[in-house]
Amino acid sequence: MSKGGQSRTRLLLVILIVTSLFLVTLDLRGVKLLDSLKQGMQNVVSPFQRTANSALSPVKGFFSDISLLGRSGSQIEKLEKENAALKLELLERQDADVQIDQLKNILDLAGTAGYKIVNAKVISQGSYQSFAQTVTIGSGSNAGIAQNMTVLSEYGIAGIVKEVYPNSALIQLASDPAFRIGVRIVNSQQIGFLTGRGERSAVLQLLDNSTDINEGDILMSRGSIANRPFVPGVPVGYITTVDNSAGTIAQSATVRYYTDFSKLSVLAVVVGGPSTNPGDALVPQKPRPIPTPTVTVFVTPTPTPSN
Amino acid sequence: MSTRLIGISSLVFLAIYIIQESIIAQFRLPGGGFSILIIFALSWAIMSEREIAAVMGFSAGILMDLSQNTSGPFGQWTLIMLLASYAISYLGYGDDNFFGGALGVVFSIVLGNLLIEMLFLISAPLLGVSIGSFTQIFSTLFGTSVWTLFLTPIVLPIFAKLYKTVFQAGSLT
């Protein structure tokens, strides 16, 4: 490359770096110059996401099955094609059944507490690059969804509405490292706050160091002013390990969320909070052991016929 | 780089971005998955001159910043992609390039992907972005590297052909 060419490349690089830093500075100073562009882009992408979600919904777990096909022979091929079509149909049915189950549980949860909800399908998972935990749902401001509303799964808290577009919304999952929620422990009424860690477990920090916390203690959301971002009384998770290290200022513990963030297909956004605090009405029931049936077989011995 | 070439390249980048956001984002893959846009931007950057690679990295970064899933401030990905694309082009362009053969290109893309994630992790605390626990970060870095290593040899010939088509068509006009 010539000397002139080199200096031109350097100049271009410097201009682009300065532009990037300028954009970062503008964003950090709260100048939302490119927010409308971001919203426009989401409006463009959202129909593609919706279409891809409908098209790929039964195929998501189908790759392992489809890889088994491919043996020769027309009869086998024909049967396999039929089999694959039936499997696809079955998967579609199973997918619908799972969504119906999740929806039913969400409605039960919201109905018990008196939350007014809007249900929505998950149309896209978040990307990994930013180490953020997000999903996109297929309903937005047109359905009454607004920023900072609580989002429920069938088991409890799923996250909050981070961004809203006319026909979609971005949900920050409770597992996101930037997620914070005020919680109380069901039995002791001890309060603290929970921080996401990018996985299904989270870190609980209590505000008072004097109370004992135990493994298995259940956490519920405390609620916010005007029920935003959090409505009160939503099951959050349970304590799995208590950190008893000496010299800590605040007592901390590891919490496992009730919600399995890898299996979200239907979510509910709480658009209207309860008129009264539901208290512990939504505390999950402890699983009851199912009795194992004992089968007794009576055998009557018969004499072996002798020749 | 002519205006027409920039226009065609931008459309290709936009198409890859839509594939990433609408199709690949449907799957919650183990280990965090992969970004087809990063693989694409890096593979085109290797094939390009430094200044073209810088513009490509800048464009890819802008698109990534426009994604609603991005958690950092606008411009963070633009800066990271710009630096990574320029660096990979600096090492990979010309006859005396750093990466010899297709295998070298594949490994350079995997390393480039890792470099991008590392740059994000380094810049994230400075810009107030939460990044999660150590185990989560480690598993994501490992997972994405494995996915990129697995996927790059499959998509690289397609991306190379696309590059050739776009830039040959552009140079003829």
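An unreviewed UniProt entry annotates chain A as Cell shape-determining protein MreC of freshwater metagenome. As stated in UniProt under Sequence similarities (unreviewed entry), the record for chain A gives "Belongs to the MreC family."

Colleague: Explain the environment of A:Gly192 to me, please; I cannot follow it from the model alone.
Modeller: Residues and elements named next belong to chain A. As for its placement among the helices and strands, Gly192 is situated in strand 7 (residues 191-196). Along the primary structure Gly192 and Leu207 are separated by 15 residues, whereas in three dimensions their C-alpha atoms are 5.2 Å apart. Those residues within four positions of Gly192 in sequence are excluded, and the remaining contacts are Ile181, Gly182, Val183, Leu204, Gln205, Leu206 and Leu207.

Colleague: Sorry if this is basic, but what is going on with the confidence of the model for chain A here?
Modeller: Interpretation of the predicted coordinates at a detailed level should be avoided for regions scoring low in pLDDT. Confidence in the prediction of chain A, expressed as mean pLDDT, is 81, and 88% of residues score 70 or more. Confidence drops under pLDDT 50 across residues 63-68 of chain A; counting only partners more than four residues distant or on other chains, this segment forms three contacts.

Colleague: Honestly, the packing of helix 2 (residues 36-47) of chain B against helix 4 (residues 76-92) of chain B in this entry has me stumped. Any pointers?
Modeller: Helix packing for two helices is described by the angle between their axes and how far apart those axes are. Residues and elements named next belong to chain B. Between helix 2 and helix 4, the least distance of the axes is 8 Å, while the angle of their chain directions is 40°. Judged by the sense of rotation from one axis to the other, the crossing of helix 2 with helix 4 is right-handed. Residue-level contacts link Ile38, Ala41, Leu42, Ala45 and Ile46 of helix 2 to Met81, Ser85, Ile88, Ser89 and Gly92 of helix 4. Class assignment of the residues belonging to the contact of helix 2 with helix 4 gives a composition of seven nonpolar, three polar and no charged.

Colleague: How should the interface of chain A and chain B be read in this particular structure?
Modeller: Note: interface size is frequently given as the accessible area lost on complex formation between the parts. Each side of the interface is counted separately: chain A has 54 residues, and chain B has 56 residues. In total, chain A and chain B occlude about 4800 Å² of area from one another, counting both sides; carbon and sulfur atoms represent 64% of this. It is A:Tyr128, A:Gln129 and A:Phe131 in chain A that bury the most area against chain B; as a group they hold 17% of the surface buried on that side. Connecting chain A to chain B are one salt bridge. A salt bridge links B:Glu51 to A:Arg8, with the shortest nitrogen-to-oxygen separation between them at 3.1 Å. If you list the elements that add at least two residues to the side of chain A that touches chain B, you get helix 1 (3-28), helix 2 (35-56), strand 1 (116-125), strand 2 (134-137) and strand 5 (169-173) of chain A.

Colleague: Would you mind showing me how to read the UniProt feature "transmembrane region" (unreviewed entry) in chain B here?
Modeller: Residue and element names in this part refer to chain B. The residues that UniProt annotates with the feature "transmembrane region" (unreviewed entry) are residues 6-24, 36-62, 74-93, 105-131 and 137-159. Secondary structure within residues 6-24 divides into 95% helix and 0% strand; the distance between the first and last C-alpha atoms comes to 25 Å. The distance separating the terminal C-alpha atoms of residues 105-131 is 29 Å; by composition the span is 81% helix and 0% strand.

Colleague: How do you make sense of the pairing of strand 5 of chain A when you look at a structure like this?
Modeller: Across a regular strand the side chains alternate sides, sitting on one face of the sheet and then on the other. Residue and element names in this part refer to chain A. Of all the five residues making up strand 5, five are buried; the element is thus mostly covered by neighbouring parts of the structure. Here strand 5 shows a buried face lined by Ala169, Ile171 and Leu173 and a second buried face lined by Leu170 and Gln172. In the sheet, strand 2 pairs with strand 5 via four bridges, with the strands oriented antiparallel. Bridging from a neighbouring strand, Thr136 pairs with Leu170 of strand 5. Examined bridge by bridge, strand 4 (residues 157-164) and strand 5 share five bridges and lie antiparallel to one another. Across the sheet, residue Val164 finds its bridge partner in strand 5, namely Ala169. Hairpin remark: strand 4 followed by strand 5, antiparallel, with four residues in the connecting loop.

Colleague: So what exactly am I meant to see when it comes to the sheet that holds strand 9 (residues 218-221) of chain A here?
Modeller: In a beta sheet, neighbouring strands pair by backbone hydrogen bonds and run either parallel or antiparallel. All names here are of chain A. Pairing within the closed barrel is antiparallel, and its six strands lie in the order 6-7-8-11-10-9. Sheet twist, expressed as the mean angle between neighbouring strand axes with direction ignored, is 40°. Bridge count for strand 8 (residues 201-206) against strand 11 (residues 252-257) is five bridges, and the pairing is antiparallel. Counterpart to Val203 in the pairing with strand 11 is Thr254.

Calculation rules
- Residues numbered from 1 in each chain as written.
- Chains lettered and ligands numbered in written order.
- Predicted model: local features only at pLDDT ≥ 70, side-chain atom pairs only at ≥ 80, totals over all residues.
- Heavy atoms only, no water.
- UniProt positions renumbered as here; feature names shortened; annotations may be inferred.
- Helix = DSSP H or I, 4+ residues; strand = E, 2+ residues; numbered from the N terminus.
- Contact = heavy atoms within 4.5 Å.
- pLDDT = per-residue confidence, 0-100.
- Axes fitted to C-alpha atoms, helices over the stretch in contact; angles between N-to-C directions.
- Left-handed = near helix turned anticlockwise from the far one by under 90°.
- Nonpolar A, V, L, I, M, F, W, Y, C, P; charged D, E, K, R; others polar.
- Buried area = accessible area lost by both parts, 1.4 Å probe.
- Salt bridge = Lys/Arg side-chain N within 4 Å of Asp/Glu carboxyl O.
- Buried < 20%, exposed > 50% of the residue type's maximum accessible area, 1.4 Å probe, protein only.
- Pairing = 2+ DSSP bridges.

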